[in-house]
Amino acid sequence: MKKWSRISIVLVAVMLAALWAHAAGVSRALHNGYEALFYHSIRMDETFPSINPLGISIAEFERAATEDGAAEANLMLGLLYQYLDRPGTALGYLLQFAGAHPEQIWVNSLIGDMYAAMGRGDDARIYYERALADTESGDGFAQAYLGLGHLAYERGEYEAAREAYSRAVEKSSDYVDARLALGKALYQMGELEEAIEVLEIAQLQAPRYAPVYQYLALSYEAAGLMDKAEHAQQRVKELEQ
């Protein structure tokens, strides 16, 4: 589920960018990159193994970045290398995009994620806080709050994690990963009733997401709700199969 969640986020972002760019007019290399990415999104490489649309997409975006100076290509490359679990490579491209478009404050959330994936928590915090520094509009970014929550959770600072996760859920009520993280923090704090309430909502939002049931089972068991705990554990086994 984690892998497919990442795929969904990245491909949706890329496809939206592709539609916008097509309407606005782009260089041939950038257009080719978007087109190849579309073929990857419909799994053409599974039907025709000799075709590597993702590799073609990366090559075309690199050409657009170097030959055409298209800053959007750096963003696409950053997203694709994030998708490929190569945070160090993704980071370089995202930093280039952020340097070319400092007004795009939201990209700092992605940069923070890459630093966090590399184990550089202090750098991640800096960029998450930059993403939330748009005081003019007052809009925060759920992803940045989620990242800050993860940093606090890893240090065992569960109250701080709870606050950050709660803000993430407030900003995006359908953000299942944020709601799951909030439930985990509440469980660690012994706030079992609230943890169960949060996780049961997450269960309704993502009924096939095994981690939600794992923490539901733990929370039910800690609360003495053994029948529900057993049912949740059984659901985990079914989903993992």
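Residues numbered from 1 in each chain as written. Predicted model: local features only at pLDDT ≥ 70, side-chain atom pairs only at ≥ 80, totals over all residues. Heavy atoms only, no water.

*Asks:* Explain the packing of aromatic side chains here, please?
*Replies:* We describe a pair of aromatic rings using the distance from one ring centre to the other and the angle between the two ring planes. This structure, assessed with the given rule, holds 6 aromatic pairs. Pairing Tyr153 with Tyr158 gives two aromatic rings, centres 5.2 Å apart and planes at 65 degrees, and the pair type is edge-to-face. Of the residues examined, Tyr153 reaches a relative accessible area of 17% and is grouped as buried. Residue Tyr158 is classed as partly exposed on the basis of its relative accessible area, which comes to 26%. Directly above the aromatic system of Tyr127 lies the positively charged group of Arg130, at a separation of 4.5 Å from the ring centroid. (Phe/Tyr/Trp six-rings, centres within 6.5 Å; stacked < 30°, edge-to-face > 60°. Buried < 20%, exposed > 50% of the residue type's maximum accessible area, 1.4 Å probe, protein only. Lys NZ or Arg CZ within 6 Å of the ring centre and 35° of its normal.)

*Asks:* How should I be thinking about the environment of Ala98 in this particular structure?
*Replies:* Secondary-structure assignment places Ala98 in helix H6 (residues 87-100). Using a relative accessible area of 19% as the deciding quantity, one classes Ala98 as buried. Expressed as a C-alpha distance, the spacing of Ala98 and Leu75, which sit 23 residues apart in the sequence, is 8.5 Å. If we ignore the near neighbours within four places in the chain, the residues touching Ala98 are Val107 and Ile111. (Helix = DSSP H or I, 4+ residues; strand = E, 2+ residues; numbered from the N terminus. Contact = heavy atoms within 4.5 Å.)

*Asks:* Mind showing me how you'd approach helix H14 (residues 226-240) here?
*Replies:* Count 3.6 residues to each turn of an α-helix, and residues three or four apart come out pointing the same way. Its 15 residues place the ends of H14 21 Å apart at the C-alpha level, agreeing with the 21 Å of an ideal helix rising 1.5 Å per residue. Buried within H14 are the following residues: Ala229, Ala232, Val236 and Leu239. Considered in projection along H14, the buried side chains sweep an arc of 90 degrees and stay on one side of the axis. Opposite the buried face of H14, by more than 90 degrees, sit the exposed residues Asp227, Glu230, His231 and Lys237. Residues of H14 that are buried sit in contact with helix H13 (210-222). (Expected span 1.5 Å × (residues − 1). Arc of directions from axis to C-beta.)

*Asks:* Where do I start with helix H4 (residues 53-67) in this structure?
*Replies:* Compared with the 21 Å implied by 1.5 Å per residue over 15 residues, the 20 Å span of H4 between its first and last C-alpha is a close match. Among the residues of H4, Pro53, Leu54, Ser57, Ile58, Glu60, Phe61 and Ala64 are the ones counted as buried. The buried residues of H4 occupy an angular sector of 165 degrees when the element is viewed end-on, so they sit on one face. More than 90 degrees from the buried face of H4, the exposed residues found are Thr66 and Glu67. Buried residues along H4 sit in contact with helix H2 (28-41), helix H3 (44-47) and helix H5 (71-83). Phi turns positive one or two residues past the end of H4, at Gly69, with a value near 65 degrees.

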